[in-house]
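Structural description and commentary
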Amino acid sequence: MEEEVKLHGFWPSPFSHRVIWALKLKGVKYDYIEEDFPNKSQLLLQYNPVHKKIPVLVHRGKPIAESLIILEYIEETWPEHPLLPKDAYERALARFWIKYGEEKGLAIWKLYRTTGEEFEKAMKESLEILRNLEEHALGEKKFFSGERIGIVDIAFGWIAHWLGVIEDLIGVKLLEADSFPRLHAWIKNFKEESIIKENLPDCGKVFAHLKRRREMWLASP
Amino acid sequence: MEEVKLHGTWPSPFSYRVKWALQLKGIAYEYIEQDTSNKSPLLLQLNPVYKKSPILVHGGKPICESLVILEYIEETWPENPLLPTDPYDKAIARFWAKFADDKGAMMWTMLGTTGEEHEKAIKDILESLRTIEEHALAEKKFFCGEKIGITDFAFVGIVYWLEVIEEILGLKLLEAESFPRLHAWIKTFKEEPIIKENLPDKEKTFAHLKRRREREILLASS
């Protein structure tokens, strides 16, 4: 059977990019289908009736939704250039940090669409999260996954590129180089990897996109 | 074999998920009860990030977060598998386990609130139950087929506790006529010996959650 791989994504989405990075790192050929938000295609709604969101990976006609679940699927289906460690304990640690990032990262995304007390609360939480990543998740390693980029780096890739845009939008710098030297070094290393460098959305365009969304959020009651 | 310890909290569904997995795979372990109102230094040392249980400690190494622990157990002790072997089926199993985790939080919001927030939580829960009924449970015995697995554990953790919360609030959300598939699945899981023999006492749980509701509402109003 043909190894048909399709990815339904949205150009400014860090979640789409996780899947792009994983597929490219493993050399998996795929067709990319740009979803025109907010006009979601019928196909997307059919593939992801539960959440109606991208990314959706379709392999041999079968859809998988949720970026982190897609990453695990990619890892199992195309084992070359592994993104997860071999050791079960190391894998558990990787999954732990991915879950942490997913759960707590929501506070950082709140920053661009809140004001007042809610914003202050999100700021406090965001700094705490970055502190945990700096000290416990990254430590002395080059990448979250060790010497090479792995699934945890891919999961946190949004911090390397999208966080900067959020900082510009709100006019506040969270990731100061002196306070977070390790995370700063990681961002530099991450973005120097050719697969990542060649597959990042234009910052200016992302800024404009998030600015429009921010205005919508702040305008709604 | 290396020593296996489980730090858990008796009223917590997350602790039970891990217990069921260990029991199903016949893994000998030591259970240590953790008092969340009075966290031990050991708990804080084993889980400095979340400061919560369950924590599985295998050969001295701690693993936190119940679904992460379940994946670890599955990989370390492959007998009596809890996940399908086919990568696509595995992805679907994980998708629904994540759904259970994400949406299950609403149950606690419903328990601890009144007014608008409470009504919204009820609405969200009904919507989630509808999604599960229509999309997750096909005509299978369990979520992933003929045998109980991780996805079932994730959902039992919602449904059993939801039943207690319904009693406390005097509500019935999981009506049999509205959710026939879910009801059939509930009946099935309650007959599974591993689950049946490892559920917290309903009355104790009722008392505990009732106190929790009173505490949270008081806190919110102060």
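Residues numbered from 1 in each chain as written. Chains lettered and ligands numbered in written order. Predicted model: local features only at pLDDT ≥ 70, side-chain atom pairs only at ≥ 80, totals over all residues. Heavy atoms only, no water.

Per an unreviewed UniProt entry, the recorded name for chain B is Probable glutathione S-transferase, and the organism is Nyssa sinensis. As its UniProt record puts it under Sequence similarities (unreviewed entry), chain B is described as follows: "Belongs to the GST superfamily. HSP26 family." (UniProt positions renumbered as here; feature names shortened; annotations may be inferred.)

Per an unreviewed UniProt entry, chain A goes by the name Glutathione S-transferase and belongs to Nyssa sinensis. The annotation that UniProt attaches to chain A under Sequence similarities (unreviewed entry) is "Belongs to the GST superfamily. HSP26 family." For chain A, the Function (unreviewed entry) comment in UniProt is given as "Is involved in the conjugation of reduced glutathione to a wide number of exogenous and endogenous hydrophobic electrophiles."

1. Looking at the overall build of chain B
A count of helical and extended segments in chain B gives nine helices and four strands. Overall, chain B shows an N-to-C arrangement of helices and strands of β-α-β-α-β-β-α-α-α-α-α-α-α. Computed over the C-alpha atoms, the radius of gyration of chain B is 18 Å, within 12% of the 17 Å expected from 2.2 N^0.38 for a compact globule of 222 residues. Dimensions of chain B along its principal axes, counting C-alpha atoms only, are 50 × 45 × 30 Å. The contacts of chain B with a sequence gap of at least 6 include a subset with a gap of at least 24, amounting to 70%. Carbon and sulfur atoms provide 53% of the accessible area of chain B, an area that totals close to 10,400 Å². (Helix = DSSP H or I, 4+ residues; strand = E, 2+ residues; numbered from the N terminus. Rg over C-alpha atoms; globule rule 2.2 N^0.38 Å. Contact = heavy atoms within 4.5 Å. Areas by Shrake-Rupley, 256 points an atom, 1.4 Å probe, with all protein chains shown as cover.)

2. Examining the sheet that holds strand 2 (residues 30-33) of chain B
Residues and elements named next belong to chain B. A sheet is described by the order of its strands in space; here four strands give the open sequence 2-1-3-4, paired in mixed fashion. Each edge of the open sheet carries a strand with a single partner, namely strand 2 and strand 4 (61-64). Each adjacent strand pair in this sheet contributes to an overall mean axis angle of 20°, direction not counted. Bridge count between strand 1 (residues 4-8) and strand 2: four bridges; the pairing is parallel. Across the sheet, His7 pairs through a bridge with Ile32, a residue of strand 2. (Pairing = 2+ DSSP bridges. Axes fitted to C-alpha atoms, helices over the stretch in contact; angles between N-to-C directions.)

3. Points about the UniProt feature "domain: GST C-terminal" (unreviewed entry) in chain B
If you check UniProt for "domain: GST C-terminal" (unreviewed entry), the listed places come out as residues 86-217 of chain B in our numbering. What you have in residues 86-217 of chain B is 76% helix and 0% strand, and the ends, taken at the C-alpha atoms, are 46 Å apart.

4. Structural notes on the packing of helix 4 (residues 87-112) of chain B against helix 9 (residues 202-221) of chain B
Residues and elements named next belong to chain B. In contact at an axis separation of 8 Å, helix 4 and helix 9 are set at 70° when each is read in the N-to-C sense. Classified by the angle their axes make, helix 4 and helix 9 are roughly perpendicular. Contacts from Trp108, Met110, Leu111 and Gly112 in helix 4 reach Leu209, Arg212, Arg213, Glu216 and Ile217 in helix 9. A per-class count over the contact of helix 4 with helix 9 returns five nonpolar, one polar and three charged. (Parallel < 35°, antiparallel > 145°, perpendicular 65-115°, else oblique. Nonpolar A, V, L, I, M, F, W, Y, C, P; charged D, E, K, R; others polar.)

5. A closer look at the packing of aromatic side chains
Taken as a whole, this structure holds 25 aromatic pairs over all chains when the rule is applied. Measuring from centroid to centroid gives 6.2 Å for Tyr16(B) and Trp20(B), while their planes differ by 45°, and the two rings are tilted. Here Tyr16(B) pairs with Trp20(B), and both are found in helix 1 (residues 13-24), just four residues apart, close to one helical turn. In this structure Tyr16(B) comes out as buried when scored by relative accessible area, which is 7%. For Trp20(B), a relative accessible area of 0% corresponds to the buried category. These aromatic residues form a ring-pair network of at least three members: Trp21(A), Phe144(A), Phe156(A), Trp162(A), Trp186(A) and Phe190(A). Seen from the ring of Trp217(A), Arg113(A) lies directly overhead, with NZ or CZ sitting 4.3 Å from the centre. (Phe/Tyr/Trp six-rings, centres within 6.5 Å; stacked < 30°, edge-to-face > 60°. Buried < 20%, exposed > 50% of the residue type's maximum accessible area, 1.4 Å probe, protein only. Lys NZ or Arg CZ within 6 Å of the ring centre and 35° of its normal.)

6. Some thoughts on the domain arrangement of chain B
Residues and elements named next belong to chain B. The domain boundaries assigned to chain B delineate domain 1 (4-76) and domain 2 (87-221). Taking only C-alpha atoms, the centre of domain 1 and the centre of domain 2 are 21 Å apart. Each partner contributes to the interface: domain 1 provides 14 residues, whereas domain 2 provides 20 residues. Note on domain 1 versus domain 2: buried area summed over both sides is about 1,700 Å², and carbon and sulfur give 71% of it. Scanning the region where domain 1 abuts domain 2 turns up two salt bridges. (Domains from an automatic or database assignment. Buried area = accessible area lost by both parts, 1.4 Å probe. Salt bridge = Lys/Arg side-chain N within 4 Å of Asp/Glu carboxyl O.)

7. A short note on the domain arrangement of chain A
Residue and element names in this part refer to chain A. Partitioning chain A into domains gives domain 1 (5-77) and domain 2 (88-219). One C-alpha centre belongs to domain 1, the other to domain 2, and the line joining them spans 21 Å. Residue-level contacts link 16 residues of domain 1 with 20 residues of domain 2. Carbon and sulfur atoms make up 74% of the area that domain 1 and domain 2 hide from each other, which totals about 1,700 Å². On inspection of domain 1 and its partner domain 2, the count reaches two salt bridges. For Arg18, the salt bridge goes to Glu102, with nearest N and O atoms at 3.1 Å. Inspection of the region where domain 1 meets domain 2 yields five residue pairs in polar contact (both at pLDDT 80 or more). Sorting the residues of the side of domain 1 that touches domain 2 by element identifies helix 1 (14-25) and helix 3 (67-77) as the ones contributing at least two each. It is helix 1 that provides the largest number of residues to the side of domain 1 that touches domain 2, a total of nine residues. Class assignment for the residues of the side of domain 1 that touches domain 2 results in 11 nonpolar, two polar and three charged. (Polar contact = N/O pair within 3.5 Å; in protein donor to acceptor, adjacent residues only side chain to side chain.)

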